[in-house]
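Report on the structure
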Amino acid sequence: MADRVVTLNAGSSSVKFALFAADADWPRLIVSGAVEGLGAKPRFRAAIVDGDASDRPLAAKLTHKQALAAIFEWIEDAYPAAAVSAIGHRVVHGGLRFAAPIIVDAEAIADLRKLIPLAPLHQPHNLAGIEGARDAFPHVPQVACFDTAFHRGHAFVDDAYALPYSYYERGLRRFGFHGLSYEYIARRLRMIDPIHAEGGVIVAHLGNGASLCAMKGGRSIATSMGFSALEGLPMGTRCGQIDPGLLLYLLQSDAMTPQELSHLLYERSGLLGLSEVSHDMRTLEASQEPRAKAAIAYFIHRIKMEIAALAAAIGGFDALVFTAGIGEHSPRVRAGVVEGLGWLGLALDAAANARNGPLISAPQSRIPVFVTPTDEEAMIARHTIETAGLPVMAGSRSQT
């Protein structure tokens, strides 16, 4: 029997999980699911590949540790013969030290805890997931896979801020995020369109968190996010690009504390702040409120501006890819972006866009435009198998 790998992605109100077999070439998904609604009305959901689904409420006031216990209990009941050989975790920020997946130890956890101020919405919960899994499986390797790792190695001009050089040496530089998603898309695009995949590619990871990445030969060259997960595009509740002078003004004129300012930028801004309706694009698209429409227009506008900037960074691009929740499921947003970049030679196939791809550019488009689902969990599983040194079982080739 092949080794089994569990992947965990612990967020503020949910813990996503998946169980994979360590098959040859690519991890084989067995089941995926989540405990959702932590802090409100928790529910356990699981979907077995080509099998049954489970959906049931859980006790209120469930902690992350209790959510993990519920997940592991369900896996052990559903797959009593499965041997969990390693557990892989998504960790948003790896800082300067962690540029590749690692097997976690106490020293690594201490270093990762120091990065919490750089990713306050994610890092604490990522670490809670690791610690809970270590308690449940003390003798199983815990592998941390970092969203920042894919972007390490950028050139100085794509990595630095125009502050005194000593600040750069301290590590105050652009890190970039969503790297596990971009790494997966780079691999997937090599199968979909290997010629364009080796050229310049811009990937739009558009979800509640949103960013863009410019790649060449499958490697990250530049990205819209920077030192923290605030920079670049507006997001569900995060502001995106903003004049630092405005922040100084708020600190001085409104006498805001750093905590108040952080709350404003991370949790009250973005699509939610602009619309005063919702952070969810589906709700905004269904709304007739003028501010909802304005928020969508602003989101599209910033995406176009960032794509143009990244195109300059890599000297033009050969393909554009949309991924993540909004990128995969919002024809309205994709149409606004592609049609707004017609001056670059992009042309939209409206019917294909309405079907959500996979190719949404018209035949006459100078640049192909793809809609490609991302799979961060499979990427975590792959890194976990390799980092933990697990053997793989031959005879089950994947198409990923």
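Before reading on, note that the structure itself is shown above.
Residues numbered from 1 in each chain as written. Predicted model: local features only at pLDDT ≥ 70, side-chain atom pairs only at ≥ 80, totals over all residues. Heavy atoms only, no water.

**Re the pairing of strand β10 (residues 210-216)**
Each regular strand displays side chains that alternate between the two surfaces of the sheet. Put simply, the rule is: Each residue's exposure class comes from its accessible area (1.4 Å probe, protein chains only) as a fraction of the maximum for that residue type: buried when under 20%, exposed when over 50%, partly exposed otherwise. Under the DSSP-based scheme used, a helix requires at least four consecutive residues in state H or I and a strand at least two consecutive residues in state E, with every element numbered from the N terminus. For two strands to be treated as a pair, DSSP must find at least two bridges joining them.
Within β10, 6 of the 7 residues are buried, which leaves it mostly tucked inside the rest of the structure. For strand β9 (residues 200-206) and β10, the ladder comprises 7 bridges, and the chain directions are antiparallel. In the strand pairing of β10, alanine 204 is matched with leucine 212. Where β9 folds back on β10, the antiparallel hairpin that results is connected by 3 residues. Where β10 meets strand β11 (residues 219-223), 4 bridges bridge the pair, whose relative direction is antiparallel. Note that in β11 the partner of methionine 215 across the bridge is serine 220. The turn joining β10 and β11, which pair antiparallel and follow one another in sequence, is formed by 2 residues; a positive phi near 60° is taken by glycine 217.

**What to know about helix α8 (residues 244-253)**
As a reminder, the rule being used: Counting of polar contacts relies on pairs of N or O atoms within 3.5 Å, with two restrictions inside protein: one atom must be capable of donating a hydrogen and the other of accepting it, and residues adjacent in sequence are counted only when both atoms are side-chain atoms.
A distance of 2.7 Å separates the backbone nitrogen of glycine 245 from a side-chain oxygen at the start of α8, and that oxygen is part of aspartate 243. In the segment just after α8, alanine 255 is the residue with positive phi, at about 50°.

**Quick look at the environment of cysteine 145**
Worth spelling out the cut-off: Only heavy atoms matter for contacts: two residues are in contact if any of them lie within 4.5 Å across the pair.
Along the chain, cysteine 145 turns up in strand β8 (residues 142-146). The buried category is assigned to cysteine 145, whose relative accessible area is 0%. Distance from cysteine 145 to valine 91, taken between C-alpha atoms, is 5.8 Å for residues 54 residues apart in sequence. Ignoring sequence-local partners within four residues, the contact set of cysteine 145 consists of His89, Arg90, Val91, Pro101, Leu180, Ile380, His383 and Thr384.

**So, the packing of helix α12 (residues 290-313) against helix α14 (residues 331-340)**
To keep things clear, this is the line we draw: Throughout, an axis means a line fitted to C-alpha atoms (over the contacting stretch in the case of helices), and angles, computed between N-to-C directions, take values from 0 to 180 degrees. Geometric relationships in this document are graded by angle, where less than 35 degrees denotes roughly parallel, more than 145 denotes roughly antiparallel, 65 to 115 denotes roughly perpendicular, and other angles denote oblique. We call a crossing left-handed when the near helix sits turned anticlockwise from the far one by less than a right angle, and right-handed when that turn is clockwise. Residue polarity follows a fixed list, in which Ala, Val, Leu, Ile, Met, Phe, Trp, Tyr, Cys and Pro are nonpolar, Asp, Glu, Lys and Arg are charged, and the others, Gly among them, are polar.
Viewed as axis vectors pointing N to C, α12 and α14 meet at an angle of 45°, and their least axial separation amounts to 9 Å. In terms of orientation, α12 and α14 fall into the oblique class. Crossing hand, α12 versus α14: right-handed. In contact with Lys293, Ile296, Phe299, Ile300, Ile303, Lys304 and Ile307 of α12, α14 contributes Arg332, Val333, Gly336, Val337 and Gly340. A per-class count over the contact of α12 with α14 returns 7 nonpolar, 2 polar and 3 charged.

**Overview of the pairing of strand β4 (residues 43-48)**
Sheet analysis places strand β3 (residues 28-36) next to β4, joined by 6 bridges and oriented antiparallel. Looking at the pairing, serine 32 lines up with alanine 47 of β4. The turn linking β3 back onto β4 is made up of 6 residues, and glycine 37 within it adopts a positive phi angle of 75°. Two elements, β4 and strand β5 (residues 53-57), share 5 bridges in a ladder whose sense is antiparallel. Each residue of the ladder has a partner; that of arginine 43, found in β5, is proline 57.

**Some words on the sheet that holds β3**
With respect to topology, 8 strands assemble into an open sheet ordered β5-β4-β3-β2-β1-β6-β8-β7, the strand pairing being mixed. Of all the strands in the sheet, the pair left with one neighbour each is β5 and β7 (102-103). Relative to β3, strand β2 (residues 14-21) runs antiparallel, the two sharing 8 bridges. Across the sheet, lysine 16 pairs through a bridge with alanine 34, a residue of β3.

**A look at the packing of α8 against helix α9 (residues 258-267)**
Between α8 and α9, the shortest axis-to-axis distance is 10 Å and the interhelical angle comes to 135°. Considered as vectors, α8 and α9 are oriented oblique to each other. Where α8 crosses over α9, the handedness of that crossing is right-handed. For the pair α8 and α9, the contacting residues are Leu247, Leu250 and Leu251 in the first and Leu261, Leu264 and Leu265 in the second. Here the contact of α8 with α9 is built from residues that sort into 6 nonpolar, no polar and no charged.

**A word on the sheet that holds β11**
Reading across the sheet, the 5 strands line up as β11-β10-β9-β12-β13 and stay open at both edges, with mixed pairing between neighbours. Of all the strands in the sheet, just β11 and β13 (369-371) have a single pairing partner and so form its edges. When the angles between neighbouring strand axes are averaged without regard to direction, this sheet yields 25°.

**Brief notes about the packing of aromatic side chains**
The test is simple: Stacked, edge-to-face and tilted labels apply to pairs of Phe, Tyr and Trp rings (six-membered ring for Trp) whose centres lie within 6.5 Å, assigned for plane angles under 30 degrees, over 60, and everything in between, in that order. Here, a charge over a ring is recorded when the distance from Lys NZ or Arg CZ to the ring centre is within 6 Å and its angle to the ring normal is within 35 degrees.
Counted by the stated rule, this structure contains 11 aromatic pairs. With 5.5 Å between their ring centres and 45° between their planes, phenylalanine 44 and tryptophan 74 make a pair best called tilted. Placement of phenylalanine 44 in strand β4 and of tryptophan 74 in helix α1 (residues 64-78) is noted, with a sequence separation of 30 residues between them. In this structure phenylalanine 44 comes out as buried when scored by relative accessible area, which is 0%. Note on tryptophan 74: relative accessible area 14%, which makes it buried. Each ring, one from tyrosine 165 and one from tyrosine 168, has its centre 5.5 Å from the other, and the planes form 40°; the classification is tilted. On the criterion of helical spacing, the pair formed by tyrosine 165 and tyrosine 168 is a turn pair, its members being 3 residues apart in helix α5 (residues 165-170). Site record: aromatic cluster; members linked through ring pairs are Phe17, Phe44, Trp74 and Tyr79. If you follow arginine 56 out to its NZ or CZ, it ends over the ring of phenylalanine 44, 5.0 Å from the centre.

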